[in-house]
Amino acid sequence: MKSMVTKKLLLTNAQEALLLLGEQDVHLRHMEREFGVEIYVRQEPQEEGLTLSIRGTNSRVDKCLRRCKETLDRIRAGRAAHGKPEAAAHPAFEAPPLPKDAIFLSAYGKPIRPRTPKQKEYIESILGRDLTFGIGPAGTGKTYLAVACALRALKTHEVTRIVLTRPVVEAGEKLGFLPGDLYEKVHPYLKPLYDAFYGMLGPDKFRMWREDEVVEIVPLAYMRGRTLDDAFIILDEAQNTTPEQMKMFLTRIGTGSRVVVTGDVTQIDLPDKTHSGLQLARDILKDVSEISFIYFGEEDIVRHPLVKKILRAYDAWDKR
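Analysis parameters
- Residues numbered from 1 in each chain as written.
- Predicted model: local features only at pLDDT ≥ 70, side-chain atom pairs only at ≥ 80, totals over all residues.
- Heavy atoms only, no water.
- Axes fitted to C-alpha atoms, helices over the stretch in contact; angles between N-to-C directions.
- Helix = DSSP H or I, 4+ residues; strand = E, 2+ residues; numbered from the N terminus.
- Parallel < 35°, antiparallel > 145°, perpendicular 65-115°, else oblique.
- Left-handed = near helix turned anticlockwise from the far one by under 90°.
- Contact = heavy atoms within 4.5 Å.
- Nonpolar A, V, L, I, M, F, W, Y, C, P; charged D, E, K, R; others polar.
- Salt bridge = Lys/Arg side-chain N within 4 Å of Asp/Glu carboxyl O.
- Buried < 20%, exposed > 50% of the residue type's maximum accessible area, 1.4 Å probe, protein only.
- Patch = residues over 30% accessible without salt bridge, like charges linked within 9 Å, V, L, I, M, F, W, Y side chains within 5 Å.
- Areas by Shrake-Rupley, 256 points an atom, 1.4 Å probe, with all protein chains shown as cover.
- Arc of directions from axis to C-beta.
- 1 Å grid on protein atoms, 1.4 Å probe; cavity = no way out; pocket = protein on both sides within 12 Å on 5 of 7 lines; lining within 4 Å.
- Points joined across faces, edges and corners; volume = space filled by probe spheres on them.
- Core = buried A, V, L, I, M, F, W, Y, C linked by side-chain atoms within 4.5 Å.
- Polar contact = N/O pair within 3.5 Å; in protein donor to acceptor, adjacent residues only side chain to side chain.
- Pairing = 2+ DSSP bridges.
- Right-handed = clockwise from strand over helix to strand, strands pointing away.

A. Quick look at the packing of helix α9 (residues 243-250) against helix α10 (residues 277-285). It is at 8 Å that the axes of α9 and α10 come closest, and there the two elements cross at 60 degrees. In terms of orientation, α9 and α10 fall into the oblique class. Relative to α10, α9 is oriented so that their crossing is right-handed. Across from Pro-243, Met-246 and Leu-250 in α9, the residues of α10 making contact are Gly-277, Leu-278, Leu-280, Ala-281 and Leu-285. Residue composition of the contact of α9 with α10, by class: 7 nonpolar, 1 polar and no charged.

Listed below in structure tokens is the structure:
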């Protein structure tokens, strides 16, 4: 198996990136197909411009990098970057326009959009505020839509990375006694967070971004002591945090960061269900005007129609 390399090229500003990569990244996608590489752009915290990263086998990366440098030279000399791009001549290379009500277009061309009024309110809150809580039952799109908003913010260079975390609630077995290294121990707990990325980015691009730490998925316990600047941070399954963990997490927020906290207070797995960090945070922070709490209901469930009936039956049983 050939080893993979990543090589980088510094772009001076967003306009230069737009001319090089095209509207809706049409030229980027064309080069990815032509050279068999992965290309992405990010804002480096220590750099004024943007960094274009190309990942693939050494020979393919070198060829693509050479093409990018030649095109960049034409842009900086004030000449047309691509002339009549081959991408425009072939429908397969056209980037489909993003529908007005969509927040992100998946790797498979599927527009991600709100499907209920409450989901629309949730997205507007995420895009307009630095901290949003999404609380409600399973299947209401809390995490899925938060991930879509995070990818949108990354694509538009509002943030430089995405950090996802969730508490690891042990069920019978202590992590220290489970076989394997840290990744193998916590992977089953974090796997649900991977699913949304697989659908929106595709597995190959997601793996590459995870390896380069553009996307970081970590257990909540490993957030202590960190300050996260210019990041989009999602805390999932927040109902299983302790009050101390919730306070620790909320104080990790750095400058230029945006945070979404999701949870379902009807599915608390803590030994003492009355001490959920999510429930306490809701009471403590409810009057902070900069923080938004969005509450989902049964009508917002967008999974299989049977899910609504299952939840309704369990609610009736609990009342009895």
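B. Region of the structure containing the pattern of salt bridges. Enumeration over the complete set of coordinates arrives at 12 salt bridges. The partner of Lys-7 in a salt bridge is Asp-62, with the nearest N and O atoms 2.5 Å apart. Linking Lys-7 in strand β1 (residues 5-11) with Asp-62 in helix α3 (residues 58-76), this pair joins segments that are 55 residues apart in sequence. By relative accessible area, which is 25% here, Asp-62 ends up partly exposed. The salt bridge partner of Arg-226 is Glu-216, with a shortest N-O separation of 2.9 Å. Remark: Glu-216 occurs in strand β8 (residues 215-219) and Arg-226 occurs in the loop between β8 and β9 (231-235); sequence separation between them is 10 residues. Residue classification places Arg-226 among the partly exposed positions, given a relative accessible area of 22%. Linked through salt bridges whose partners overlap, the residues forming this network are Arg-161, Glu-216 and Arg-226.

C. Just a nonpolar patch on the surface, in detail. Where nonpolar side chains cluster on the molecular surface, the patch consists of Leu-306, Ile-310 and Tyr-314 and spans about 320 Å² of accessible area. Mapped onto the elements of the fold, Tyr-314 is located in helix α11 (residues 305-319).

D. The arrangement of α10 in detail. Regarding α10, the residues found buried are Gly-277, Leu-278, Ala-281 and Leu-285. The arc that holds every buried residue of α10, seen down its axis, measures 95 degrees, which confines them to one face. Check the buried side of α10 and you find it contacts β6 (131-135), α9, β10 (258-263) and β11 (291-295).

E. Quick peek at the layout of surface pockets. Empty space within the second largest pocket amounts to approximately 600 Å³. Around the second largest pocket sit 27 residues that line it, and Gly-141, Lys-142, Thr-143, Tyr-144 and Arg-303 are the ones nearest its centre. Counting only elements with at least two residues in the lining of the second largest pocket, the list comes to β5 (111-112), α6 (142-155), α7 (182-201) and β10. Considering every element that reaches the lining of the second largest pocket, the biggest residue donor is α6, with 4 residues.

F. Spotlight on the nonpolar core. If you look at the biggest cluster of nonpolar residues, it comprises 37 residues, and the most contacted ones within it are Leu-151, Ile-162, Leu-164, Phe-197, Trp-209 and Phe-232. Only α5 (117-128), α6, β7 (161-166), α7, α8 (203-211), β8 and β9 provide two or more residues apiece to this core. A total of 9 residues in this core trace back to one element, the largest contributor, which is α6. Here Ile-162 is in contact with Ala-150, Leu-151, Leu-154, Phe-197, Val-214, Val-215, Glu-216 and Phe-232, once residues within four sequence places are set aside. Core analysis: the next-biggest nonpolar cluster, separate from the first, contains 23 residues, Ala-238, Met-246, Met-248 and Val-259 among them.

G. Local environment of the side chain of Gln-119. Relative to the helices and strands, Gln-119 is located in helix α5. At a separation of 2.7 Å, a polar atom in the side chain of Gln-119 contacts the main-chain amide nitrogen of Arg-115. When near neighbours in sequence (up to four residues on either side) are disregarded, Gln-119 contacts Pro-114, Thr-140, Gly-141, Leu-145, Phe-296, Asp-300 and Val-302.

H. Geometry of unusual backbone geometry. A positive phi is found at Asp-230, a non-glycine position, where the angle reads about 50 degrees. As for its placement among the helices and strands, Asp-230 is situated in the loop between β8 and β9. A positive phi angle, close to 55 degrees, is found at Glu-237, a residue other than glycine. Structurally, Glu-237 is set in the loop between β9 and α9.

I. Broad picture of the pairing of β11. Across the 5 residues of β11, 4 count as buried, placing the element largely inside the fold. Two strands pair when backbone bridges link them, and β6 and β11 are joined in this way by 5 bridges, in the parallel orientation. Residue pairing in the sheet places Leu-131 in a bridge with Ile-291 of β11.

J. Examining the pairing of β9 more closely. Taking burial as the measure, the 5 residues of β9 include 5 buried ones, the bulk of the element. Neither face of β9 is left uncovered, since the one carrying Ala-231, Ile-233 and Leu-235 and the one carrying Phe-232 and Ile-234 both have all their residues buried. When β7 meets β9, the two strands line up parallel, connected through 5 bridges. Its bridge partner being in β9, Leu-164 is matched across the sheet by Ile-234. Two elements, β9 and β10, share 4 bridges in a ladder whose sense is parallel. Counterpart to Ile-233 in the pairing with β10 is Val-259. Handedness of the β9-α9-β10 crossover: right-handed.

Fair warning: the whole summary comes from geometry, so function is off the table for now.
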